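Residues per chain are reported as follows:
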Amino acid sequence: MIHSLFLVNSSGDIFLEKHWKSVVSRSVCDYFFEAQERATEPENVPPVIPTPHHYLISVLRHRIYFVAVIQSEVPPLFVIEFLHRVVDTFQDYFGVCTEAAIKDNVVVVYELLEEMLDNGFPLATESNILKELIKPPTILRTMVNTITGSTNVGEQLPTGQLSVVPWRRTGVKYTNNEAYFDVVEEIDVIIDKSGSTITAEIQGVIDACVKLTGMPDLTLSFMNPRLLDDVSFHPCVRFKRWEAERILSFIPPDGNFRLLSYHVSSQNLVAIPVYVKHNITFREGSSQGRFDLTLGPKQTMGKGVEAVLVSSQLPRGVLNANLSASQGTYTFDPVTKMLTWDVGKINPQKLPSLKGSMSLQAGASKPDENPSINIQFKIQQMAISGLKVNRLDMYGEKYKPFKGIKYMTKAGKFQVRT
Amino acid sequence: MQEWANQLCENRQFGSKMTDSKYFTTTKKGEIFELKAELNSDKKEKKKEAVKKVIASMTVGKDVSALFPDVVNCMQTDNLELKKLVYLYLMNYAKSQPDMAIMAVNTFVKDCEDPNPLIRALAVRTMGCIRVDKITEYLCEPLRKCLKDEDPYVRKTAAVCVAKLHDINAQLVEDQGFLDTLKDLISDSNPMVVANAVAALSEIAESHPNSNLLDLNPQSINKLLTALNECTEWGQIFILDCLANYTPRDDRESQSICERVTPRLSHANSAVVLSAVKVLMKFMEMLPKDLDYYGTLLKKLAPPLVTLLSAEPELQYVALRNINLIVQKRPEILKHEMKVFFVKYNDPIYVKLEKLDIMIRLASQANIAQVLAELKEYATEVDVDFVRKAVRAIGRCAIKVEQSAERCVSTLLDLIQTKVNYVVQEAIVVIKDIFRKYPNKYESVIATLCENLDSLDEPEARAAMIWIVGEYAERIDNADELLESFLEGFHDESTQVQLQLLTAIVKLFLKKPTETQELVQQVLSLATQDSDNPDLRDRGYIYWRLLSTDPVAAKEVVLAEKPLISEETDLIEPTLLEELICHIGTLASVYHKPPSAFVEGSRGVQHKRIPIRSGSGESSESQDTGGAPGATEAPAAVIPSQGDLLGDLLNLDLTPPTSTAGAPPGPPMPMGGMDLLGGGLDSLLGGDIGGSPAMGSGFGAPAAVMPSSLNAPVGGGLGDLFDLGGGVGMPMGTFVPPKTLWLPAMKGKGLEIMGTFARRAGVIQMEMTLTNKAMSVMTDFAIQFNRNSFGLAPAGPLQVPTPLSPNQTIDVSLPLNTGGPVMKMEPLNNLQVAVKNNIDVFYFSCQYPISMLFVEDGKMDRQVFLATWKDIPNENEAQFQINDCHLNSDAASNKLQGSNVFTIAKRTVEGQDMLYQSMKLTNGICVLTELRVQTGSPTYTVSLKCRAPEVSQCVFQCYEAALKN
């Protein structure tokens, strides 16, 4: 099982270590640093690294490497999932997961890690339960604790720990009962030179914020549940009911949680919300290159495309780019050769464009690689897959809750090859 | 970035007052004293703050063990947070202060009786983490109670505690009957308790390979499946992994388990999903293929696997490594999902390379157009490794999907036109393979290839180009000029290119004998007279003789028809694949190696096999037929074996077709006839050069027998001689442990190292047997040690008669001295070794018997012995027992003497022989022992005294080893 954990910051210092079994010397991380040096980019460090006596399994999040040390055969996915859970918990507790936040709360971090694993076996990883055991720090509580000398460790056995619904604490009370659901879809697309779609898929999630008194039993039904053929559920969802009736039936955890994530694969037809017209050329023997890019909306069901950001890694030979943008601002970093254009909102009447020339090193030959264009955007009030919630009902409690559903589409890895 | 900066600013403002970061600020010298004072403060609040500071220092690796007694004093408190903090501290430092830790025992025992289950659980949990022998004794009673506690939270914590205790003292756990209690917990009413019991038992079972701790039967399986639905996600992983070890009795049971496991495929936790996939992949093997359910199950497996690819990159990587196995076993599952494996340009490189591999495996006539378009796109990316692999992938497509070959070749030609150096070289290497697969089809491109001759600087590309020129010499007008141009720098070329050039020129000569006589003379003399590479020399001689004795035979041999290359390459060998399928989701599946090969903890992993299908209603006969498909399904991917030798003679050391650069070395394929040295030469010298058509088989036959017979006498014989030499010198030679496997061929890219240590005539020797299990020769061996406890270092360079040709085994002996840099290792006698050859650098570690370090003048004077014995404090004394030893004391003394353990005196008291012995290590440490031998009893007792008690354990091991051999 998981033997130890080291947290390593971007400059390669170990700033926290935790051992659940015997102490493993931090020199074991030297193997990790070696791999880190070899990797060209921080994210290229391989996630599983063998050393003579241990295996190092790491994840990179928020520019911190979480390096777990294992000694015997352990499913690596188990370790990686757990590490992500640790990061999520830190983020949940401290708002952000940065080196500074962790150092600020080192004792809580240590208590949390101790509570999450026992001898390498996961103990309590549900945020609801952890929060009952160890209260998250707030400025107010820190002050109160300092003055009254009380503690932020719960004295009671968390009630959810052993019940049939381990994800929900008992005795929840709210004056305003509300349940909000966000349907968020990310669209991953690769478009080739000629503008035809190579792959397009949608990763969707339904995140919920449920603040309901007592033990509510919810059902959520969709207008078009057939879209969802590939789903993963929060443990609270009754799988049998879904199989039989395509209805989500569940007793929700208290607070924020991810109800389900789904995948609409490339075999279904996926609508592409924006198009790009591009002309990026370099001529042999000339030290100039042309750059011409126009964006436009399509298949957005009348909704506006916002927060558009275009980035492109230009070839190494490019010295500078002299462009003019019809709207928004662009920057070109001559060191990393990264061109970014913050477009903002797309106006369908006046399409945004970025045009101009690139200067190349004099005498250098035409660059071999073609830059890819990466696009980010958001579309409010629309789920690009067409998924729609039909109704939400509550059983088991008497009061009438506020209900709300929000839809949003975002670009995931949206790439256009030139 | 902005956020980052904000955070920092915020931190400056508040950090010093409000947060824990204040605990990091004190770095003054008097820190420990200040803390000590605060810990002993009367104010509760101050105490707690002080403990927090201590913990904070601990987390960043500062040594605060000096505060042990003061922190332990804070333990008796009602404040749960303070208690937890003290426990945290205890777990970290108890081991270094065992005597002080005893002070805490009473509090623990008391807490285990506390009415609050949280405290009971906390106490038993913490006690298990204190790895001190003396404490574990006190732990047994509270643990027994907690295992039967009324509160399930306590029971589930106690279950894990058994695993902890087992890790510290396995015997104790068995004696106390905890294992049985743990087994009972599998039937507990609470699913969380069941899950933890399973987890604990699995961990214990890993160190007890033969125990049937997890003896599963249909009843317990039912219990587990019920618990599976209700326990936490982590518990589900443990239960699923445990289920995967079960072998259902018939297909009905198998189906019912599958049905109950399938819902797990929709779990949000990817580890649960992959464990469920493992169970299903294994059990579906038992289902009849015509069953409807079988088809349904296959369909259900695809979506969850695809979903894994939208997770974080680290998860994707592990998922992809496993998908690679799954598509080899059951390609039908993902055959329609090609698009999800398309590479995005900002995927991490490790994800890109894996995706590429799977794309090739899924390539078929239906999707080849898309795949090729993608691959061509990838070939223009920035990352060199990725581009190379993409180009190779195009070649693999051509070989795999015949219809696409033409398009692949034209794509490759397009890429060659880009003139990007590494793309061109890679393309030429793969085109060579395409030529071999489709002879006489694409020769029109040769002209284009020849244009790029000058830009080739990598040996593999040069060798490939030379092969092409030689193979098609009759169609290339200036073939002789081209080859001649390579000949100028013959001695600077790598072996691969030299060998290839030799063969190509001989081919050329056989095709155009009139114009090239001079050229062939020149190359033969270069190869045989001016080269000190035996491979090259031998090959040169063979050709020379062939050409001079019987040119017709030479033509038959050298220009014989070549066997075609296979379609699929680097497939995992079927038996290994089956085993890996049973280990989906584990480290083994990430490395594509059997678990026994690499994980240290799993000392005796049983080889798992996919069960053979046996229908409930069918008789035992059906078992055979059920088993057969599994075996026959796997395509015989290797080149037909009778062609091996000939093929290799002609193509010589070109690496096997289209093997990828980064791919792990495959399982040793039966390439029996690789060694020209063995087979070819023998048959030649045997005067077998009679009938010309028989030539081919003449080569083949002896070589097939050779590998085994060759390895044994040459390598082994030398070792035997050596052994004898050492043995004769001393009547009772130093005990030399048998050679153990240090570097398995899987890890060493084909190099296998077995080894042991010996002390011969006062010199420490590291004796190794090197075996080349790869398909190319190995040269340039060198060895280095990491710093180690006794400063062992090689006394000279590693003398390996190179090159080491494939399948060859040699014994080498490396004298060591103890003048190297010293660093204490754990365990003490651990030695980390790096061996380098022309392929790579390999690291492994081994343990040497400490007796190797016992010097010849270790005999102590009696008086000195007595004085020293008294002088060494009693804490340093260690006592061990050796069981099942049937020597009398004199024989024992003699035996030990051989290992430089000298008997100084002997006493006999009441039928008990006491031997007083001394030995001295190379670094001057003296070890004094008393060996008690009770006549008639097979148990010896060794009492050891030494100023450096760390060595005791190692010395004891030597005693045991020496006496039992």
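Okay, so let's go over this structure. (Residues numbered from 1 in each chain as written. Chains lettered and ligands numbered in written order. Predicted model: local features only at pLDDT ≥ 70, side-chain atom pairs only at ≥ 80, totals over all residues. Heavy atoms only, no water.)

**Focus on the overall build of chain B**
The secondary structure content of chain B amounts to 41 helices and 13 strands. Relative to its full complement of 965 residues, chain B shows a buried share of 58%. Residue pairs at least 24 apart in sequence account for 68% of intrachain contacts in chain B once pairs closer than 6 positions are excluded. Surface accessibility of chain B: about 39,400 Å² in total, with carbon and sulfur atoms responsible for 51%. (Helix = DSSP H or I, 4+ residues; strand = E, 2+ residues; numbered from the N terminus. Buried < 20%, exposed > 50% of the residue type's maximum accessible area, 1.4 Å probe, protein only. Contact = heavy atoms within 4.5 Å. Areas by Shrake-Rupley, 256 points an atom, 1.4 Å probe, with all protein chains shown as cover.)

**Structural notes on the overall build of chain A**
In terms of helices and strands, chain A carries seven helices and 23 strands. With 418 residues in all, chain A has 57% of them scored as buried. Excluding contacts between residues fewer than 6 apart, the proportion of contacts in chain A whose partners are at least 24 apart in sequence is 68%. Working note: accessible area of chain A is about 17,300 Å², and carbon and sulfur atoms make up 50% of it.

**A look at the interface of chain A and chain B**
In this assembly, 105 residues from chain A lie in contact with 106 residues from chain B. Counting the surface lost from both chain A and chain B, the interface buries some 9,400 Å², and carbon and sulfur atoms represent 58% of this. For chain A, the biggest contributors to the area lost against chain B are E73(A), L77(A) and D104(A); these three give 8% of the whole. A salt bridge links R417(A) to E374(B); the nearest nitrogen and oxygen atoms lie 3.0 Å apart. When residues in the side of chain A that touches chain B are grouped by element, the largest group, eight residues, is from helix α2 (residues 76-94) of chain A. (Buried area = accessible area lost by both parts, 1.4 Å probe. Salt bridge = Lys/Arg side-chain N within 4 Å of Asp/Glu carboxyl O.)

**Focus: helix α11 (residues 152-168) of chain B**
All names here are of chain B. Compared with an ideal rise of 1.5 Å per residue, which puts 17 residues at 24 Å, α11 spans 25 Å between its outermost C-alpha atoms and is within 8% of the ideal. In terms of burial, α11 is a largely internal element, 15 of the 17 residues being buried. A distance of 2.8 Å separates the backbone nitrogen of Y153 from a side-chain oxygen at the start of α11, and that oxygen is part of D151. (Expected span 1.5 Å × (residues − 1). Polar contact = N/O pair within 3.5 Å; in protein donor to acceptor, adjacent residues only side chain to side chain.)

**Focus on the sheet that holds strand β4 (residues 782-785) of chain B**
Residue and element names in this part refer to chain B. Taken together, three strands build an open sheet; the order of strands is β4-β7-β8 and the sheet is antiparallel. One side of each edge strand has no neighbouring strand; the edge strands of this open sheet are β4 and β8 (841-847). Taken pair by pair, the neighbouring strands of this sheet meet at an average axis angle of 25 degrees, ignoring direction. Where β4 lies against strand β7 (residues 830-836), four bridges are found, and the strand directions are antiparallel. Its bridge partner being in β7, I783 is matched across the sheet by V835. (Pairing = 2+ DSSP bridges. Axes fitted to C-alpha atoms, helices over the stretch in contact; angles between N-to-C directions.)

**Some remarks on unusual backbone geometry**
Of note, K337(A) is a non-glycine position whose phi angle comes to about 60 degrees, a positive value. With respect to the helices, strands and loops of the structure, K337(A) is situated in the loop between β18 (329-333) and β19 (338-344). Positioned with a positive phi, N900(B) is a non-glycine residue whose angle comes to about 65 degrees. Topologically, N900(B) is positioned in the loop between α40 (889-898) and β10 (902-909). For N900(B), a relative accessible area of 8% puts it in the buried group.

**Side note on the packing of aromatic side chains**
What the rule picks out here adds up to 27 aromatic pairs over all chains. Geometrically, the ring pair formed by Y89(B) and Y93(B) is tilted, given 5.0 Å between the ring centres and 50 degrees between the ring planes. Here Y89(B) pairs with Y93(B), and both are found in helix α6 (residues 80-93), just four residues apart, close to one helical turn. Accessibility classification places Y89(B) together with Y93(B) in one group, the buried group. Cluster of aromatic residues (ring-pair linked, three or more members): F78(A), F82(A), F121(A), W234(B) and F238(B). Residue placement shows K388(A) over the ring face of Y407(A); its charged tip is 5.5 Å from the ring centre. The ring of F386(B) is capped by K352(B), whose NZ or CZ atom sits 5.2 Å from the centre of that ring. (Phe/Tyr/Trp six-rings, centres within 6.5 Å; stacked < 30°, edge-to-face > 60°. Lys NZ or Arg CZ within 6 Å of the ring centre and 35° of its normal.)

**Points about the sheet that holds strand β12 (residues 926-934) of chain B**
Residues and elements named next belong to chain B. Spatially, β9-β13-β12-β11-β10 is the arrangement adopted by the five strands of the open sheet, whose pairing is antiparallel. Edge positions in the sheet fall to β9 (878-882) and β10, since each of these pairs with one other strand and no more. Along the sheet, successive strands turn relative to each other by an average axial angle of 20 degrees, direction set aside. Across nine bridges, the pairing between strand β11 (residues 912-920) and β12 is antiparallel. Across the sheet, D913 pairs through a bridge with V933, a residue of β12. Here helix α39 (residues 862-871) sits on the sheet in contact with β10, β11, β12 and β13 (940-946), set at roughly 95 degrees to β12.

**Focus on the nonpolar core**
Residues and elements named next belong to chain A. With 280 residues, the main nonpolar core has F66 and F90 as its most contacted residues. Each residue touching F90, except ones within four places of it in the same chain, is listed here: L7, F66, G95, V96, C97, I102, V109, L112 and L113. The next biggest cluster of nonpolar side chains, apart from the first, holds 71 residues, and it includes I206, F291, A321 and A411. (Core = buried A, V, L, I, M, F, W, Y, C linked by side-chain atoms within 4.5 Å.)

**With respect to the pairing of β12(B)**
Counting the residues in the hairpin turn of β11(B) and β12(B) gives five residues, including G924(B), whose phi is positive at 90 degrees. The turn linking β12(B) back onto β13(B) is made up of five residues, and G936(B) within it adopts a positive phi angle of 85 degrees.

**Examining the packing of helix α29 (residues 495-511) of chain B against helix α32 (residues 551-558) of chain B**
Residues and elements named next belong to chain B. Remark: α29 packs on α32, axes separated minimally by 10 Å, with the N-to-C direction vectors making an angle of 125 degrees. By the criterion of interaxial angle, the relationship of α29 to α32 is oblique. Between α29 and α32 lies a crossing whose hand is left-handed. Judged by residue contacts, V506, K507 and L510 of α29 engage P551, A554, K555 and V558 from α32. Among the residues making up the contact of α29 with α32, the classes are represented as five nonpolar, no polar and two charged. (Parallel < 35°, antiparallel > 145°, perpendicular 65-115°, else oblique. Left-handed = near helix turned anticlockwise from the far one by under 90°. Nonpolar A, V, L, I, M, F, W, Y, C, P; charged D, E, K, R; others polar.)

**As for the pairing of β19(A)**
Residues and elements named next belong to chain A. Side chains L339, W341 and V343 project from β19 onto a buried face, and the interleaved M338, T340, D342 and G344 project onto a face without burial. Relative to β19, β18 is paired through five bridges, and the arrangement is antiparallel. Each residue of the ladder has a partner; that of D333, found in β19, is M338. The turn joining β18 and β19, which pair antiparallel and follow one another in sequence, is formed by four residues; a positive phi near 60 degrees is taken by K337.

**Focus on empty space enclosed by the protein**
Under the criterion given, the structure shown has 10 cavities of 30 Å³ or more. Its boundaries defined by the atoms lining it, the second largest cavity holds a volume of some 90 Å³. If you go around the second largest cavity, the residues you meet are P122(A), L123(A), K156(B), M192(B), A195(B), N196(B), C231(B), T232(B), W234(B), G235(B) and F238(B). For the lining of the second largest cavity, the secondary-structure elements that each account for two or more residues are α14 (191-207) and α16 (233-243) of chain B. Residues of the lining of the second largest cavity, tallied by class, amount to seven nonpolar, three polar and one charged. (1 Å grid on protein atoms, 1.4 Å probe; cavity = no way out; pocket = protein on both sides within 12 Å on 5 of 7 lines; lining within 4 Å. Points joined across faces, edges and corners; volume = space filled by probe spheres on them.)

**Some remarks on a negative patch on the surface**
Taken together, E481(B), E484(B), E488(B) and E518(B) make up a surface patch of like negative charges. Here E481(B) lies in helix α28 (residues 479-487). (Patch = residues over 30% accessible without salt bridge, like charges linked within 9 Å, V, L, I, M, F, W, Y side chains within 5 Å. Lys, Arg positive; Asp, Glu negative; His and termini not counted. Charge placed at Lys NZ, Arg CZ, Asp CG, Glu CD.)

**Quick notes on the environment of M914(B)**
Residue and element names in this part refer to chain B. Secondary-structure assignment places M914 in strand β11. The spatial distance from the C-alpha of M914 to the C-alpha of V933 is 6.4 Å, given a sequence separation of 19 residues. Those residues in contact with M914 that sit more than four places away from it in its chain are A905, K906, R907, E930, L931 and R932.

**Section: the side chain of R759(B)**
Its location among the elements puts R759(B) in strand β2 (residues 751-760). Among the polar contacts listed, one links the side chain of R759(B) to the backbone oxygen of M852(B), at a separation of 2.7 Å.

**Description of the pattern of salt bridges**
Applying the stated criterion across every chain, the model contains 60 salt bridges over all chains. Between E474(B) and K511(B) there is a salt bridge, with the nearest N and O atoms lying 3.0 Å from each other. Of the two residues, E474(B) sits in the loop between α27 (459-471) and α28 while K511(B) sits in helix α29, which places them 37 residues apart along the sequence. Classification of E474(B) as partly exposed rests on a relative accessible area of 44%. Taking the shortest distance from any N to any O, the salt bridge between R947(B) and D871(B) comes out at 2.8 Å. Of this pair, R947(B) sits in the loop between β13 and α41 (952-963) while D871(B) sits in helix α39, and the two are 76 residues apart along the sequence. By sharing partners, the salt bridges in this structure join K18(A), E114(A), E115(A), D118(A), K84(B), R125(B) and K164(B) into a single network.

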